[in-house]
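Single-letter residue listing:
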Amino acid sequence: MSAIRFGTFSFWRVLQSSPEHSSLDWPTRGHPTAMDPQHSFQHPAAAKLPEIGPTDPFVKVVKALLPYFVHEISIPSTFDQLRTTAAGHKIRALVDHLVLSVTNPALINALLTLKWHFSTIEAGGINETRANACEIVAWRFLHRISERDAAMFCLYELPQQSVEVVRDGCHPEITEQSTLLPQFRDTPIAEPPANRRFELLRSVLNIRGTSGAESGVEEDDQEHSLSSFAGLTGLEIAAVANCKKFLSQKIVQKVVDGIWKGDIIFWESLVSTTKKRPQFYNKKTADIFTRLRVPRYIKTFEVLFVATFLFWLCCVLVERNSSHITSFEFFLYIWFAAFSYNELSEFLDTKSIFYAVDIWNACDIIIIVLGFAFLMARSVGVYQGNPQIIDTAFDILSLEALFMVPRLFSIMCLLPYFGTLLPCLEAMVKDFIKFMMLVVILYLGFLVTFTLLARGAFSVPEMSWFLVRVFFGGSSLGFEIMRDINPKLGPPLMVIFVCMTNVLLITSLICIQRDAFARVIAHAREEYLFVYSVYVLEASTSKRLTHFYPPLSLIPLIFIRPLRLFVASEKLRNARIFVLKVTHLPIISAIWLFELAHDQVRETNAFSTIQPTHHTVEPSAMPKTQPTHSSHGPSSSSRHPLGGLGTAEVLTPSAHVNNGKDIKEEAADSTIVINTDLEGQVKELSGQVKDLSAKIAELTALIMAQQRTITPPEEEEDEAA
């Protein structure tokens with residue numbers, strides 16, 4: 001605990017050294033800076049609301065929000081108390097301030113990062129309350145703005161940090177980080193580390209561990225302490241930080257559903273100059289081959305690929321030819337190579353962020369390990385002509401089915417029932433492994449004792465097998481051999497062993513498993529939506545323009561990738577696009593037929609009511625807002641145009657500029673029709689609004705007469721919160 005306090009104290013010294021926080025007033029309680037006598041203390045109520053500019057970088061947004069949560073959240077409270085009681089009054093004030101005053105697109109990213117920061121400091125207490133407060137503020141902010149703006153905030157990608165390089169005097173275009181071949185020389189960008197999840201966790205810990213000028217750390221190092229978050233969106237940070245309550249909100253799930261179904265896409269066209277950016281799908285302007293990047297189709301064809309993989313596996317095991325490689329075995333090798341390469345590409349794309357979160361990736365790793373073991377044993381057996389080694393190789397291959405069959409049905413986790421059971425099973429397995437450590441210790445103690453008492457009557461393997469059978473219910477067997485072990489000490493020790501294993505340990509294990517299941521099933525909806533969100537985000541985080549479905553992914557690996565040593569990168573990218581269109585034409589035809597039939601029965605687009613005319617994720621000048629209970633000033637959506645943030649340039653595709661005239665004419669015609677239809681309704685509702693306002697005024701006066709202070713109404717939240 002002292003180390004935690006010192007780390008948090010060091011980070012506050014960093015904040016104090018920055019210009020915008022040099023005049024902060026520190027609280028008298030609930031904060032480790034009370035150890036520093038040179039600070040003047042004030043009451044937490046004196047803390048001001050954070051001031052966040054529209055173009056402030058991500059690190060500065062985090063530093064602006066952190067003091068408010070530390071000052072104002074000074075009493076430990078439960079999650080429900082923050083939502084429903086006066087303990088969450090400061091949270092409501094912060095949400096109102098953010099809705100009315102803040103338009104920085106990195107706001108959600110910063111709030112969820114702070115949630116992860118407070119969660120890693122300690123498991124409970126005041127920091128857990130602050131972590132819950134950050135998560136509540138994040139989703140309440142999204143509820144108060146329009147759904148289109150909420151999608152933009154959730155999908156805002158933190159910009160990459162450019163690397164400062166030293167130019168050569170003779171060749172200014174060549175830097176110290178330039179490649180030897182000129183066709184690969186480009187502007188160097190800071191690449192994320194290989195173990196991205198570890199770096200993110202270290203960055204979160206460094207928020208409270210950096211000590212500023214006292215430790216000799218320069219200001220530039222402080223500003224880049226969170227640089228490992230570059231390239232991540234708000235949804236990705238929520239998944240990594242385990243923000244299950246945030247991901248279970250309706251507004252967030254609507255964005256996730258839009259990504260899953262392809263209503264929100266990240267690639268507008270399949271050309272070499274296309275950049276990844278979130279936008280609404282418009283089938284009239286978007287490239288049809290971009291539908292290959294829709295997670296729904298990626299996972300569907302992945303299941304078909306695993307099914308054919310299992311088919312070749314069964315054919316090889318049934319045929320079981322020891323003399324030579326058959327056609328079935330040849331196709332099995334191709335599918336295995338494609339499966340391994342696809343798994344490697346997925347790991348490199350996610351940088352281990354989601355790879356460790358998805359439980360099915362563990363099955364994939366085991367399948368690859370068993371496959372390589374089969375190849376080695378099969379090669380050695382064929383080379384030496386040893387039938388025993390060949391039989392062992394086929395036995396190893398048979399174990400593949402143990403993991404491949406569940407992997408085939410992994411798509412069933414999209415169903416709520418199975419999606420809830422999966423995290424329950426994961427929690428029960430973890431508790432089972434922990435409990436079995438105690439069982440193994442007790443088992444080894446009795447094994448050594450019984451073996452020594454037997455004095456050679458039973459060997460160690462025999463005694464081990466006897467005790468295993470007794471542990472799994474063979475109590476009668478233990479009573480039969482207890483006198484053979486030792487006439488005096490054998491019976492009482494065996495009775496103790498049987499009572500401990502069949503009564504005490506088994507009953508305790510059942511209780512632990514029941515508690516683990518109840519703990520997860522109590523938040524069944526959150527657990528299911530978290531699994532679903534990770535499943536979707538894992539298929540949409542890749543920044544590669546071309547995505548080949550396995551086993552077709554082996555074609556660019558074999559024929560195009562070796563050309564990187566001789567051909568320019570732009571030409572190779574065009575070649576990959578051409579090969580993708582040629583090889584995936586049957587797949588894209590099947591997708592086109594499915595969507596054509598699906599559009600006939602589909603009601604509406606999930607974002608049809610909030611979608612701008614040109615179908616991008618850039619908020620328009622007058623977006624549609626969500627109804628709220630607060631009446632603080634202007635509309636929240638009108639406060640978030642985000643046009644001056646520089647994000648409109650990133651999020652608005654340039655391909656729609658030529659259609660601006662037609663779009664304006666259609667919008668004008670639709671506006672006239674809507675105004676004509678609503679004119680009578682507005683007049684009718686205006687009178688009702690006046691009557692309702694008068695009644696509300698009377699009711700307010702009556703309440704004020706009975707109570708001097710009124711607790712502000714609660715924010716509108718999702719029913720699952």
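Counting restarts for each chain, with residues numbered from 1 along the sequence as it is written. Under the rules for a predicted model, residues below a pLDDT of 70 receive no local features and side-chain atom pairs below 80 are neither given nor counted, while totals for whole chains, interfaces and linings still include all residues. Side-chain numbers come from the whole structure's heavy atoms, not from hydrogens or water.

Just to check I follow, could you spell out the overall build of the chain for this structure?
In DSSP terms, a helix is any run of H or I states spanning at least four residues, a strand is any run of E spanning at least two, and both are numbered starting from the N terminus. Scanning the chain from N- to C-terminus turns up 27 helices and 4 strands. Think of it in three bands: residues with accessible area under 20% of the maximum for their type are buried, residues over 50% are exposed, and the middle band is partly exposed, with areas taken using a 1.4 Å probe on protein chains only. Looking at the chain as a whole, 45% of its 721 residues qualify as buried. Taking contacts inside the chain between residues at least 6 apart in sequence as the whole, the part at least 24 apart equals 77%. Only the protein chains shown count as covering a residue, and every accessible area follows the Shrake-Rupley method with a 1.4 Å probe. Only carbon and sulfur atoms are counted for the fraction: they give 63% of the accessible area of the chain, which is about 36800 Å². A contact between two residues is defined here by any heavy atoms of the two lying within 4.5 Å.

Where do I start with the state of the cysteines in this structure?
Cysteine pairs can be covalently joined through their sulfur atoms, and such a bond is termed a disulfide. A pair of sulfur atoms, both from cysteines and within 2.5 Å, is called a disulfide here. In the structure shown here, the tally under the stated rule is 0 disulfides. Left without a disulfide partner, Cys243 is nearest to the cysteine sulfur of Cys134, which lies 9.2 Å away. Assessed through its relative accessible area of 0%, Cys243 is described here as buried.

Quick question: what am I supposed to make of the packing of aromatic side chains here?
Two measures describe an aromatic ring pair: the distance that separates the ring centres and the angle between the ring planes. Working definition: rings of Phe, Tyr and Trp (its six-membered ring) pair if their centres are within 6.5 Å, and the pair is stacked with planes under 30 degrees apart, edge-to-face with planes over 60 apart, and tilted otherwise. Overall, the coordinates contain 29 aromatic pairs when judged by the stated rule. Arranged with centres 5.3 Å apart and planes meeting at 85 degrees, the rings of Tyr417 and Phe418 form a pair that is edge-to-face. Aromatic rings pair up to connect Phe305, Phe309, Phe311, Trp312, Phe328, Phe330, Phe331, Trp335 and Phe339 into one cluster. The rule for a charge over a ring is simple: NZ of Lys or CZ of Arg within 6 Å of the ring centre, and within 35 degrees of the ring normal. The cationic tip of Lys276 hangs over the ring face of Phe266; the distance from NZ or CZ to the ring centre is 5.2 Å.

Which parts of the structure should I look at to understand helix 25 (residues 585-601)?
Because each turn of an α-helix spans 3.6 residues, side chains separated by three or four positions in sequence point in the same direction. An expected span of 1.5 Å times one less than the residue number is assigned to each helix. Over its 17 residues, helix 25 extends 25 Å from the first C-alpha to the last, a length consistent with the 24 Å expected when each residue adds 1.5 Å. The secondary structure elements touched by the buried residues of helix 25 are helix 13 (295-319).

I'm lost on the layout of surface pockets in this one. Help?
Rolled over the atoms, a probe with the dimensions of a water molecule shows which regions are left empty. The space that makes up the second largest pocket amounts to roughly 1200 Å³. Looking at the lining of the second largest pocket, the elements with two or more residues in it are helix 5 (107-121), helix 6 (126-143), helix 10 (234-240), helix 11 (244-247), helix 18 (416-454), helix 21 (490-521) and helix 22 (524-538). The dominant element in the lining of the second largest pocket, judged by the number of residues it contributes, is helix 18, at 7 residues. Residues of the lining of the second largest pocket, tallied by class, amount to 19 nonpolar, 9 polar and 15 charged. Cavity: a set of points on a 1 Å grid over the protein atoms alone where a 1.4 Å probe fits but cannot get out. Pocket: an open set with protein on both sides within 12 Å along at least five of seven lines, its lining residues, like those of a cavity, having an atom within 4 Å of a point. Grid points are joined across faces, edges and corners, and a volume is the space filled by probe spheres set on the points. Three categories are distinguished: nonpolar for Ala, Val, Leu, Ile, Met, Phe, Trp, Tyr, Cys and Pro, charged for Asp, Glu, Lys and Arg, and polar for the others, with Gly belonging to the last.

Can you walk me through the confidence of the model for the chain in this structure?
The predicted model of the chain averages 76 in pLDDT, with 69% of residues at 70 or higher. In the model, residues 1-46 has pLDDT below 50 throughout and makes 80 contacts with residues more than four positions away in sequence or in other chains. What pLDDT conveys is the predictor's confidence in a given residue, as a value from 0 to 100. Considering only residues more than four positions removed or in separate chains, one finds that residues 162-194, a stretch of pLDDT under 50, has 41 contacts.

What is the right way to look at a nonpolar patch on the surface in this model?
Only residues whose relative accessible area exceeds 30% and that take part in no salt bridge are eligible for patches, with like-charged residues grouped when within 9 Å of each other and nonpolar side chains (Val, Leu, Ile, Met, Phe, Trp, Tyr) grouped when within 5 Å. The term salt bridge refers to a pairing of a side-chain nitrogen on Lys or Arg with a carboxyl oxygen on Asp or Glu at a separation within 4 Å. Side chains of Leu415, Tyr417, Phe418, Leu421, Phe517 and Ile521 sit close together on the surface and give an oily, nonpolar patch of about 530 Å² of accessible area. For the nonpolar patch, the secondary structure elements donating two or more residues are helix 18 and helix 21. Per element, the largest residue contribution to the nonpolar patch is 3 residues, and it comes from helix 18.

Honestly, the side chain of Ser410 in this entry has me stumped. Any pointers?
Structurally, the position occupied by Ser410 is in the loop between helix 17 (400-408) and helix 18. Residue Ser410 is classed as buried on the basis of its relative accessible area, which comes to 1%. Polar contact is the term for a pair of N or O atoms within 3.5 Å; when the atoms are in protein, one must be able to donate a hydrogen and the other to accept it, and sequence-neighboring residues count only if both atoms are side-chain atoms. A polar side-chain atom of Ser410 sits 2.8 Å from a polar atom in the side chain of Arg407. Apart from the residues lying within four places of it in its own chain, the contact partners of Ser410 are Trp360 and Tyr535.

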